[in-house]
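Commentary on secondary and tertiary structure
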Amino acid sequence: MENRLTVRSPPLEDESLKGYGLRLAQANGHPDIRWLLDAAGLRLAVAGTPCDLATLSSITDVAPTKLEALANWPIPERTGLVRFGNGSLPAAALDLIHPRACPSCVRERGSVRRIWDLTFYVACTVHRCWLVDSCPYCLSRLSWLRPGLGLCRCRRAWTDAPATPASESALSIAALLEERATRSLPTSASPILPAGALQTLDMAVRFIAFFGSDHTAPNWRVSTMTKAGLAADRKTVEAAACLLRDWPFSLYDWLENSARSSDHQVGLVAEYGHCLPRFRAFFGDEPFAFLFSEVRHYFADHWGNGFVKPKSVFYTPPDAPRRLSGSQAAKLLGMTSASIARMVGDGTLKGQLRDMGRRRQILIDPTSVQEFQERTEGSLPCEAAAECLGTSCSQIEKLRREGILDGVVKVGGAYRYERTSLDGLADTLLQKATVMTGAGVDMVSLADLPLHRRLSLPSVLREALANRLPLWRRAASPQESGLRSLYVRKSDVFGHTVRPSGDRCLGVREAAKSLGVSVRMVHALAGAGCFQIDRPYAGRMTKCGLSEQAIAEFHRDFCFSRDLLYFKGKSPRTVITALRALSVYPFIEPDKRKGISAVWRREEVRKYTMVIDGINR
């Protein structure tokens, strides 16, 4: 396999996968690209069909990720879209079967550019000429199975085709597509309509496909999906380029030319019922809001053949005062359009909510947005508040519900937090903290407490604010701030699991399981003083507060009623009756209502063992 591909070279940055394979096949003296594909176990449709490129990578010394970047494979999570460079495109926007190229570029570069696969890229911006998709000798369309980059299947150089100068319209479209294809991120500059508003390659392709097609044709949908050839693509590009000049009047001319006359009906549906639903389907995304705005403006001030109903998506009052859309207000305030609608509904913002068929239009008064920004200048959303304290949004919500955070305002269905309240809480906790002297290996940060899932952050902060839980902090550290810079001892919040002496400590549930009693019985035993514990019992026990030694001492000094079975042939009830007759009573009296069992001192039981045995005899 190594001998079949002796010449190897890395792919160019703007090269297509098939073009790269054709260039390698020609460099290695193979008749066509099929030799390389057969060696790699691939099909000719490799550029558009996901497959394993490991073998091709091994014989070309190119990483599989770089080879995948040259392909146009479908995006799994987005139906109908394929990868193209750093972005994505509709599958209909690419022609991976019939190649087209610039003869001069092929002669000079010796490679095939990826952008030539775009159906609407019909002119070369370098040599300002039309692309070629057929051989000037045999007049057949070019094929990927040709013997070389510059050779046709008829074995003659198709690059001998004369370079025909392209129109300025086609060159402007080609320059727009090339600039969007090489730019990875949208520009932040203010767009110059309409070309500047087409921020991505996908937007530019959809714009050309819609406005360059003939909407009066009966098979319009089929024409937008089929690969009609280079000649038809030139007409589409020329028609779409007209809308890039003299905006928005070029759009108004397009609307007037797209209208159809009807002798029986008048109105928006009668004239534009064939293209406006397509318009909404093509440009229903938010980035195309400028198109909807201009179309509404046309129907409001320039169209006089009917009346647009208020519920229509294309309705706007004639000569309406300047307003902000819901998306614009949401972008200014850092919210969603749904939040803006709720704020308009509850009167927080001045505006209108208009029904437009299945959609809703939101118009906001700019002055109310400015006033709202001034009122909420010192407050932060939940995400910013979490970043300020060094915790998560869920913990911020818990602190709000527990009343630890004050100065909270609900705006548009979401809560905003006063910056002074957040800083005040952090300063209060910092003042209560003591500087650590050691390495702090037995400490845990307040920001990391929720990760242990054994106690809640609000409960720990409440104990710390009440001076019942000591806080610690490191010396001044610029890397740590908020809750990240405050610590508590693990023994204070989690308790010891193993004492320095090696004695294992148990929790309440583990101790109850070891004793064979219920959890409430453990608290009753601790309250009666049956255990040797470090801290006096005050209604609750510390975590892991019972040692195995304390439980062993309990078994040595005390016993339950069920343990009185060591008298041969005597039931516990008989023994208990005999002990009571001798004025020996339980250390803990039983209480059925509370689920408390009787507890006896073993010393007293052993003292009267012989007496009880004699009584029963």
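Summarised in this report is the structure supplied together with it.

Each value, and the rule that gives it
- Residues numbered from 1 in each chain as written.
- Predicted model: local features only at pLDDT ≥ 70, side-chain atom pairs only at ≥ 80, totals over all residues.
- Heavy atoms only, no water.
- Helix = DSSP H or I, 4+ residues; strand = E, 2+ residues; numbered from the N terminus.
- Buried < 20%, exposed > 50% of the residue type's maximum accessible area, 1.4 Å probe, protein only.
- Contact = heavy atoms within 4.5 Å.
- Areas by Shrake-Rupley, 256 points an atom, 1.4 Å probe, with all protein chains shown as cover.
- 1 Å grid on protein atoms, 1.4 Å probe; cavity = no way out; pocket = protein on both sides within 12 Å on 5 of 7 lines; lining within 4 Å.
- Points joined across faces, edges and corners; volume = space filled by probe spheres on them.
- Pairing = 2+ DSSP bridges.
- Axes fitted to C-alpha atoms, helices over the stretch in contact; angles between N-to-C directions.
- Phe/Tyr/Trp six-rings, centres within 6.5 Å; stacked < 30°, edge-to-face > 60°.
- Lys NZ or Arg CZ within 6 Å of the ring centre and 35° of its normal.
- Arc of directions from axis to C-beta.
- Salt bridge = Lys/Arg side-chain N within 4 Å of Asp/Glu carboxyl O.
- Core = buried A, V, L, I, M, F, W, Y, C linked by side-chain atoms within 4.5 Å.
- Parallel < 35°, antiparallel > 145°, perpendicular 65-115°, else oblique.
- Nonpolar A, V, L, I, M, F, W, Y, C, P; charged D, E, K, R; others polar.
- Left-handed = near helix turned anticlockwise from the far one by under 90°.

What to know about the overall build of the protein chain
For the protein chain, the helix and strand inventory stands at 28 helices and 18 strands. For the protein chain, the proportion of its 617 residues judged to be buried stands at 45%. Nonlocal contacts in the protein chain, meaning residues at least 24 apart in sequence, comprise 60% of its contacts between residues at least 6 apart. Accessible area for the protein chain stands at about 32700 Å²; split by element, carbon and sulfur atoms hold 51% of it.

Focus: the environment of proline 194
Tracing the chain through its elements places proline 194 in the loop between α6 (168-182) and α7 (201-211). Judged by its relative accessible area of 1%, proline 194 falls in the buried class. Put simply, proline 194 and leucine 244 are 50 residues apart on the chain and 6.2 Å apart in space, counted from C-alpha to C-alpha. In this structure, proline 194 is in contact with Phe207, Leu243, Leu244, Trp247 and Phe290, ignoring residues within four places of it in sequence.

Examining empty space enclosed by the protein
Throughout the structure, instances matching the rule amount to three cavities of 30 Å³ or more. Its volume calculated, the largest cavity comes out at about 70 Å³. Forming the boundary of the largest cavity are Leu17, Lys18, Tyr20, Gly21, Ile33, Leu36, Leu37, Val46 and Leu56. Secondary-structure elements contributing two or more residues to the lining of the largest cavity are α1 (17-27) and α2 (34-40). Of all the elements, α1 adds the most residues to the lining of the largest cavity, at four residues.

Digging into the sheet that holds strand β12 (residues 443-445)
Taking strand neighbours across the sheet as the criterion, the four strands line up as β11-β13-β14-β12 in an open arrangement whose pairing is mixed. Of all the strands in the sheet, the pair left with one neighbour each is β11 (433-435) and β12. Going across the sheet, the axis of each strand differs from the next one's by a mean of 45 degrees, ignoring polarity. As paired elements, β12 and strand β14 (residues 486-489) share three bridges and run antiparallel to each other. Bridged to valine 444 within β14 is valine 488.

Structural notes on the sheet that holds strand β10 (residues 414-418)
Sheets are built from strands that pair by backbone hydrogen bonding, the pairs being arranged parallel or antiparallel. The sheet built from three strands is open, its strands ordered β8-β10-β9 with antiparallel pairing. At either end of the open sheet lies a strand with only one pairing partner, and these are β8 (379-380) and β9 (408-411). Here four bridges tie β9 to β10, and the two strands are oriented antiparallel to one another. Among the inter-strand pairings, lysine 410 is bridged to a residue of β10, identified as tyrosine 415. Its contacts with the sheet put helix α19 (residues 419-432) on β8 and β10, and the angle it makes with β10 is roughly 60 degrees.

Re the packing of aromatic side chains
Across all of its chains, the model carries 24 aromatic pairs by this definition. The lysine or arginine in question, arginine 114, covers the ring of phenylalanine 84, its NZ or CZ lying 5.8 Å from the ring centre. One cation-aromatic arrangement involves arginine 400 over tyrosine 415; the distance from NZ or CZ to the ring centre is 3.8 Å.

A look at helix α14 (residues 326-333)
For α14, the set of buried residues is Gly326, Ala329, Ala330 and Leu333. For α14, the angular spread of the buried residues around the axis is 100 degrees, confining them to a single face. Taken from the residues just after α14, glycine 334 is the one with a positive phi, measuring 70 degrees.

Remarks on the environment of tyrosine 487
Mapped onto the fold, tyrosine 487 is located in strand β14. Tyrosine 487 sits 43 residues away from valine 444 along the chain, and the two C-alpha atoms are 5.4 Å apart.

Topic: the side chain of threonine 159
Secondary-structure assignment places threonine 159 in the loop between β4 (129-130) and α6. With sequence-adjacent residues up to four places away left out, threonine 159 is seen in contact with Pro103, Val106, Arg107 and Gly150.

A closer look at the pattern of salt bridges
Here the idea is simple: oppositely charged side chains can pair when their charged atoms come close. Scanning all chains against the criterion turns up 17 salt bridges. For the salt bridge of arginine 8 with aspartate 61, the shortest nitrogen-to-oxygen distance reads 2.8 Å. Here arginine 8 is found in the segment before α1, whereas its partner aspartate 61 is found in the loop between α3 (54-60) and α4 (64-70), with 53 residues between them in sequence. The exposure class of arginine 8 is partly exposed, given its relative accessible area of 28%. Aspartate 448 is paired through a salt bridge with arginine 484; the nearest N and O atoms lie 2.7 Å apart. Of this pair, aspartate 448 sits in the loop between β12 and α20 (449-452) while arginine 484 sits in the loop between β13 (471-473) and β14, placing them 36 residues apart in sequence. What you see here is one network of salt bridges that share partners, running through Asp14, Arg109, Arg113 and Glu178.

Observations regarding the nonpolar core
Generally speaking, a soluble globular protein has its nonpolar side chains buried in company with each other. Counting 80 residues, the largest nonpolar core has Trp116, Leu118, Leu177, Phe211 and Phe299 as the members making the most contacts within it. Of the residues forming this core, the biggest block, nine residues, is contributed by α7. Beyond its immediate chain neighbours, meaning those up to four positions away, tryptophan 116 contacts Arg100, Ala101, Cys102, Cys105, Val106, Ser111, Tyr121 and Leu131. Ala386, Leu389, Val444 and Val493 belong to the second-largest nonpolar core, a separate cluster that totals 29 residues.

Section: helix α15 (residues 337-345)
Of the residues making up α15, those classed as buried are Ser339, Ile340, Ala341, Met343 and Val344. A positive phi of about 85 degrees marks glycine 347, the residue just after α15.

Considerations on the packing of α6 against helix α9 (residues 230-241)
Describing two packed helices takes the angle between their axes plus the distance from one axis to the other. In the contact formed by α6 and α9, the axes pass within 9 Å of each other and the chain directions differ by 85 degrees. On the basis of their axis angle, the class for α6 and α9 is roughly perpendicular. Contacts between α6 and α9 involve Ser169, Ala170, Ser172 and Ile173 from the former and Val237, Glu238 and Ala241 from the latter. A per-class count over the contact of α6 with α9 returns four nonpolar, two polar and one charged.

Some words on unusual backbone geometry
A cis amide bond links tryptophan 247 to the next residue, proline 248, at an omega of 5 degrees. Among the structural elements, proline 248 can be located in the loop between α9 and α10 (249-258). Its identity as a non-glycine residue notwithstanding, aspartate 61 has a phi of 60 degrees, on the positive side. Despite not being glycine, aspartate 246 shows a phi value in the positive range, around 55 degrees. As for its placement among the helices and strands, aspartate 246 is situated in the loop between α9 and α10. Exposure remark for aspartate 246: the relative accessible area of 55% places this residue in the exposed category.

Quick notes on the packing of α19 against helix α21 (residues 457-465)
Taken N-terminus to C-terminus, the directions of α19 and α21 make an angle of 60 degrees; their axes are 10 Å apart at the nearest point. With respect to α21, the axis of α19 lies oblique. Crossing of α19 over α21 shows left-handed handedness. Across from Leu425, Thr428, Leu429 and Lys432 in α19, the residues of α21 making contact are Leu461, Ala464 and Leu465.

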